[in-house]
Amino acid sequence: MAEQQQFYLLLGNLMSSDNNVRKQAEETYDPIPGPNKITFLLQAVRDASAAEEVRQMAAVLLRRLLSSSFEEIYPGLTLEMQTAIKAELLMSIQQANPPNIRKKVCDIAAELCRNLIDDDGNNQWPEVLKFLFDSVNSDNVGLRESALHIFWNFPGIFGNQQQHYLEVIKRMLVQCMQDQANPQIRTLAARAAASFVLSNESNTALLKHFADLLPGVLQAVNESCYQGDDSVLKSLVEIADTAPKYLRPNLEATLQLCLKLCADTNLTNMQRQLALEVIVTLSETAAAMLRRHTAIVAQSVPQMLAMMVDLEDDEEWAQADELEDDDFDSNAVAGESALDRIACGLGGKIILPMIKQHIMQMLQNPDWKYRHAGLMALSAIGEGCHQQMEAILQEIVSFVLLFCSDPHPRVRYAACNAIGQMATDFAPTFQKKFHDKVISALLQTMEDQSNPRVQAHAAAALINFTEDCPKPLLVPYLDSLVQHLHVIMVAKLQELIQKGTKLVLEQVVTSIASVADTAEEKFVPYYDLFMPSLKHIVENAVQKELRLLRGKTIECISLIGLAVGKDKFMPDASAVMQLLLKTQTDFNDLEDDDPQISYMISAWARMCKILGKEFQQYLPVVMGPLMKTASIKPEVALLDTQDMENISEDEGWEFVNLGDQQSFGIKTAGLEEKATACQMLVCYAKELKEGFVEYTEQVVKLMVPLLKFYFHDGVRVAAAESMPLLLECARVRGPEYLTQMWHFMCDTLIKAIGTEPDSDVLSEIMHSFAKCVELMGDGCLNNEHFEELGGILKAKLEEHFKNQELRQAKRQDEDYDEQVEESLQDEDENDVYILTKVSDILHSVFSSYKEKVLPWFEQLLQLIVQLISPSRPWADRQWGLCIFDDVVEHCSPSSFKYAEYFLRPMLQSLCDSSPEVRQAAAYGVGVMAQFGGDNYRPFCTEALPMLVGVIQAADAQSENINATENCISAVGKLMRFRPECVNVGEVLPHWLGWLPLKEDKEEAVHTFDFLCDLIESNNPIVLGPDNSNLPKVFLIIADGVANESVKSEDACSKRLANVVRQVQASAGLWTQCVSSLNETQQKAIQDLLNAA
């Protein structure tokens, strides 16, 4: 008994508000053996004489214990003890306990039950099912509540018996939802029904069978909201999110109810926002279904706008120097976010006509709140209504600009907001069409000295505008922009010294950076105007509240340096580096959330780009903090629904619902900084190459595990990008070091291709792997690697076909419409992009391993053959052919054994309606001639007339240019490598007439190589009688150089220069050749001679 008393004291201390007492209690509690914990906790829960909060605490701890350590503790208990625990729990629920304790005991029972369903779905605690049935039919309301609570908490409680009991479950829920005497039973039954539906979200038949429960749930939503309980409404939001199709038979009623609740100002803001959330969520999870109810959507739009008008008059607003975070619970923020989401979800075709008139009316309202809301609404819908707004952009912009001079500062602020948003959403069209009006309006608004908040926002809008502004458009305004920005900067620096205000200065510094970033070398004349003041800020703004200003100024200096280039920046470079180094040495004193960190890290990388190899000397100082930031480990936790209620998202936690009452939480602080740091490591490896070799080992050890860092896509992308770059850096250490490093990354890279969930990240990982294999070459993959890679690529190809089938099925769905088709097209593009990466990987393997990899390739052969069958979409055929092109190019003559699979389709594809397919086929004929071997000769003869047909087609030059040029190159390769298959005398004059190639630089090099062969061997057809063709040849060479089809590093540029020099030796011929060239072409010939 004494022990139990001590345990009660311990429980009391675990709840203490004194951190030290609590910590000490945790240290005493944690090491108690599991079985003892269970005994003590159970005893405490059942002890009616103990204080209620002690019993509650014991119940929470017992539930957590079963949730987190079930496997470690429970199976080790004796059978008697296991039986006793089950009996105790059921008994405890039946005792006369306070409702709170009873509820907590039900949670424990549900948790135990969840763990007692075995892998075959047998419930190892049959008594609990009997208890449920008895309780639900009992006269005791408390017992009925308990049964529903357990079922709500764990709707999978029936295990593999669920189908058998389906009618009973349904009857039980219906009966409880109709319990007229007890509203709390009706509420709980509705929550339990929702919970059951959610846990069976993919069982379509069951959802249909339970459809008639929805009216009862909706009734409970309505009743409970007016009792101040929004739990059933939250369940409805979850259904809209996870099982939206369940709502279809009663969608009209669901939407009407939500609309009614949202409009009722007697309810709390939270409840009204939740009701709106149902509609908005459906626009994201079941857009096509919702688009059939446009009338209701149209009624919900004014509701969102009405919420956005719900603003408070705040005298201090325009003077505020600290921007507090948006109040996410406020109606205005919720309304704006809902509008943004519903526009993206349903599309502008539906939303813009519904909202346009409302916004126009709001903008003419004498009350500033309506004008403010109208402008904010315009900002919110830009992304979703992109196409439709683009058509009337002129009208919108002219109207919005009027409000830059509205009498109310918050309306002017909202006008800046709309301009900034449109500058991003509609770039670069917006900049091209409205640069003069917008720049002058923003500069004028920035002069609003008495309203710093408006000034700052105008500066922010200017940043958005210049970021995406094409350089030639911005240059004419530089004088005026710079003059304004300089005047404001000087004035605000004074204010900072006198009053300590910094808001506008923070923005203006970034505006200057943005202008410099776009203007590049055109910013040089203004460099000296800004640099001294900026350096002054970095030196002197050392107080904690100026951290952000200092960070942004560091960013600005490095961006200006990058813009004006090394020559202009060099005199300041070492002073700036010293300033940064000084911050760097204080780096360890910076707090983790210090905004300077990420600015610092990015500034270093820019300095690296500016200084190039000279940056190496700073690496020892830079790398420590950079590695520290890149190594940040986020705080994560696995929580169940009960714990979740104690942690709010504003403490920097974000949650992912894992279903089954479990959530995964992650504290997001530091994640963005980590991603930036990883990107910068990539930048150093890229810029410094072998100069970075000292650090390759520690960086590779950091990066390889980050391929599995699922909390942030950017981190995984950086990790993938770094792999081939690090190998390049490590090359200087010799093959052994390089191979060791490759072995360290290879396994994880291959596995990541198989497991990466995000398609954008996946394509980066695949691309990196292919680059690594090309870099390492033959022998870099062992048998296990090949086996795993083969399995993964096979799975990717099978998934590709399966996804196409699923999309076909969606086209048969009753809600299919053109917007659905748009999103299916997007999915299709994503899929094809992954297919291109499969092709990249195969290319790297074929080019490294040649013929000996063919036996491995055979496991994929049938899938690649399937890609080129005539019924597949053109992209499939294109990439299937590309893969066979690689087989011919790298694995001949053995490739011929697969000829039966690809030769006919390849030749037929020369006349395909899709230019991309024609291009892949023509390239294939070229490599057949060059590498294929004698077996391919008859096919080379057969292909020639088809190639000529494509080249001579009427539309050969337009969007078909790449296909046409590949055909021209292929004809050249036939004459060069298989002259016996071609009547060269007949074809060659035509071929010369088709040169030079302009678009396809790689093929252009092949054609020039062949041209050099022909000239050097004095080919009579090329030179013509008495060299009369030479002017034409000169023209081809000049165009090729002017077009950059011939680069100075190509071997053929030296050969071409020699040809030109030989002609130079004969004065008359030279004059004749040069006189037919225009100025650009003559300069090109001169460049060729100078370079070679």
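Residues numbered from 1 in each chain as written. Predicted model: local features only at pLDDT ≥ 70, side-chain atom pairs only at ≥ 80, totals over all residues. Heavy atoms only, no water.

Novice: How should I be thinking about the overall build of the chain in this particular structure?
Specialist: Across its full length, the chain holds 54 helices and 3 strands. With the principal axes as the frame, the chain shows a C-alpha extent of 115 × 75 × 60 Å. Per-residue burial over the chain gives 56% buried out of 1092 residues. Of the contacts formed within the chain by residues at least 6 apart in sequence, a portion of 73% connects residues at least 24 apart. Counting every atom, the chain has about 47,600 Å² of accessible surface; 50% of that belongs to carbon and sulfur. When the 92 positive and 154 negative side-chain charges of the chain are each reduced to one mean point, those points stand 1 Å apart. (Helix = DSSP H or I, 4+ residues; strand = E, 2+ residues; numbered from the N terminus. Buried < 20%, exposed > 50% of the residue type's maximum accessible area, 1.4 Å probe, protein only. Contact = heavy atoms within 4.5 Å. Areas by Shrake-Rupley, 256 points an atom, 1.4 Å probe, with all protein chains shown as cover. Lys, Arg positive; Asp, Glu negative; His and termini not counted. Charge placed at Lys NZ, Arg CZ, Asp CG, Glu CD.)

Novice: Looking at this structure, how should I read the nonpolar core?
Specialist: Across soluble globular proteins, you tend to see nonpolar side chains buried next to one another. By size, the foremost hydrophobic cluster in this structure holds 398 residues, and its most contacted members are Phe 615, Tyr 684, Phe 692 and Trp 742. Apart from residues lying up to four places away in sequence, Tyr 684 is in contact with Trp 604, Ala 605, Cys 608, Phe 615, Leu 619, Val 622, Met 623, Leu 626, Lys 689 and Phe 692. (Core = buried A, V, L, I, M, F, W, Y, C linked by side-chain atoms within 4.5 Å.)

Novice: Sorry if this is basic, but what is going on with the state of the cysteines here?
Specialist: Summed over the entire model, instances satisfying the criterion amount to 0 disulfides. Here Cys 882 is not cross-linked by a disulfide; its sulfur's nearest cysteine counterpart is in Cys 967, at 14 Å. (Disulfide = S-S within 2.5 Å.)

Novice: Sorry, what's going on with helix H12 (residues 214-226) here?
Specialist: Quick reminder: α-helices carry 3.6 residues per turn. Residues three or four places apart thus point the same way. The terminal C-alpha atoms of H12 lie 19 Å apart, and with 13 residues this matches the ideal 18 Å at 1.5 Å per residue to within 8%. For H12, the elements touching its buried residues are helix H9 (166-177), helix H10 (183-199), helix H13 (231-242), helix H14 (251-263) and helix H15 (269-285). Of the residues one or two after H12, Gly 228 is the one with positive phi, at around 75°. (Expected span 1.5 Å × (residues − 1).)

Novice: For this particular structure, what's the right way to read the environment of Lys 492?
Specialist: Relative to the helices and strands, Lys 492 is located in helix H27 (residues 478-499). A relative accessible area of 3% places Lys 492 in the buried class. For the pair Lys 492 and Asp 813, spaced 321 residues apart in sequence, the C-alpha to C-alpha distance is 60 Å. With sequence-adjacent residues up to four places away left out, Lys 492 is seen in contact with Gln 449, Gln 455, Thr 501, Val 504 and Leu 505.

Novice: Whenever I open this one, helix H3 (residues 34-46) confuses me. Can you help?
Specialist: Over its 13 residues, H3 runs 18 Å from end to end, which matches the ideal 18 Å to within 8%, given 1.5 Å per residue. Among all positions of H3, only Gly 34, Lys 37, Ile 38, Phe 40, Leu 41, Leu 42, Ala 44 and Val 45 are buried.

Novice: Is there a simple way to explain the confidence of the model for the chain in this structure?
Specialist: The predicted coordinates ought not to be read in detail in places where the model reports low pLDDT. In the predicted model, the chain carries a mean pLDDT of 91, and 96% of its residues have values of at least 70. Averaged pLDDT values over the elements of the chain bottom out at 61 in helix H34 (residues 641-644) and peak at 97 in H14. (pLDDT = per-residue confidence, 0-100.)

Novice: Looking at this structure, how should I read a positive patch on the surface?
Specialist: Together, Lys 609, Lys 613, Lys 686, Lys 689 and Lys 771 line one region of the surface with positive charge. On the secondary structure map, Lys 686 appears in helix H35 (residues 671-688). Looking at Lys 686, the relative accessible area reads 44%, which means it is partly exposed. (Patch = residues over 30% accessible without salt bridge, like charges linked within 9 Å, V, L, I, M, F, W, Y side chains within 5 Å. Salt bridge = Lys/Arg side-chain N within 4 Å of Asp/Glu carboxyl O.)

Novice: Please clarify how the environment of Tyr 29 should be interpreted in this entry.
Specialist: Looking at where Tyr 29 falls in the secondary structure, it is placed in helix H2 (residues 19-29). Classification of Tyr 29 by relative accessible area gives buried; the value is 7%. As a C-alpha pair, Tyr 29 and Asn 1029 span 1000 residues in sequence and 96 Å in three-dimensional space.

Novice: Could you clarify how one ought to interpret the packing of aromatic side chains in this entry?
Specialist: Here a ring pair, both rings aromatic, is described through the centre-centre distance and the interplanar angle of the planes. Enumeration over the complete set of coordinates arrives at 30 aromatic pairs. Arranged with centres 6.1 Å apart and planes meeting at 65°, the rings of Phe 151 and Phe 158 form a pair that is edge-to-face. Under the relative-accessibility criterion, Phe 151 is labelled buried at 0%. According to the relative accessible area criterion, Phe 158 is buried, its value standing at 0%. Aromatic side chains Phe 196 and Phe 210 sit 5.2 Å apart centroid to centroid with 50° between the ring planes, which places their arrangement in the tilted category. Placement of Phe 196 in helix H10 and of Phe 210 in the loop between helix H11 (204-209) and H12 is noted, with a sequence separation of 14 residues between them. Taking relative accessible area as the criterion, Phe 210 reaches 1% and is therefore assigned buried. (Phe/Tyr/Trp six-rings, centres within 6.5 Å; stacked < 30°, edge-to-face > 60°.)

Novice: How should I be thinking about the side chain of Ser 330 in this particular structure?
Specialist: Of note, Ser 330 is situated in the loop between helix H17 (294-308) and helix H18 (331-346). A polar side-chain atom of Ser 330 sits 3.2 Å from the main-chain amide nitrogen of Val 333. (Polar contact = N/O pair within 3.5 Å; in protein donor to acceptor, adjacent residues only side chain to side chain.)

Novice: Please explain the pattern of salt bridges as it appears in this structure.
Specialist: Side chains that differ in sign of charge can pair as their charged atoms come close. A full pass over the atoms with the stated rule returns 50 salt bridges. Note that Asp 448 is salt-bridged to Arg 412, the shortest N-O span being 2.9 Å. Here Asp 448 is found in the loop between helix H24 (429-445) and helix H25 (452-467), whereas its partner Arg 412 is found in helix H23 (residues 409-425), with 36 residues between them in sequence. Assigned by exposure class, Asp 448 and Arg 412 land together as buried. Notably, a salt bridge pairs Asp 1013 with Arg 976, separated by 3.2 Å at the nearest N-O pair. Here the residue Asp 1013 occupies a position in helix H49 (residues 1001-1016), and Arg 976 occupies one in helix H47 (residues 961-977), the gap between them amounting to 37 residues. Using a relative accessible area of 29% as the deciding quantity, one classes Asp 1013 as partly exposed. A relative accessible area of 27% means that Arg 976 is categorised as partly exposed. Through salt bridges with shared partners, a single ionic network connects Lys 245, Arg 248, Arg 292, Asp 813, Glu 814 and Asp 815.

Novice: Mind showing me how you'd approach the side chain of Asp 885 here?
Specialist: Secondary-structure assignment places Asp 885 in helix H43 (residues 874-891). The residues contacting Asp 885, other than those within four sequence positions of it, are Met 906, Ala 920, Tyr 923, Gly 924 and Val 927.

Novice: Can you help me understand unusual backbone geometry in this one?
Specialist: Of all residues except glycine, most have a negative phi; of all peptide bonds, most are trans. Cis geometry marks the peptide bond from Ala 427 to Pro 428; its omega dihedral reads -10°. Along the chain, Pro 428 turns up in the loop between H23 and H24. The amide bond that connects Leu 995 to the next residue, Pro 996, takes the cis arrangement and shows omega of -5°. Within the fold, Pro 996 resides in the loop between helix H48 (984-994) and H49. The residue Lys 689 is not glycine, and still its phi comes out positive at about 45°. You will see that Asn 1027, though not glycine, has its phi angle at about 55°, which is positive. Mapped onto the fold, Asn 1027 is located in the loop between helix H50 (1020-1023) and helix H51 (1030-1042). On the basis of relative accessible area, Asn 1027 is assigned to the partly exposed category, the value being 30%.

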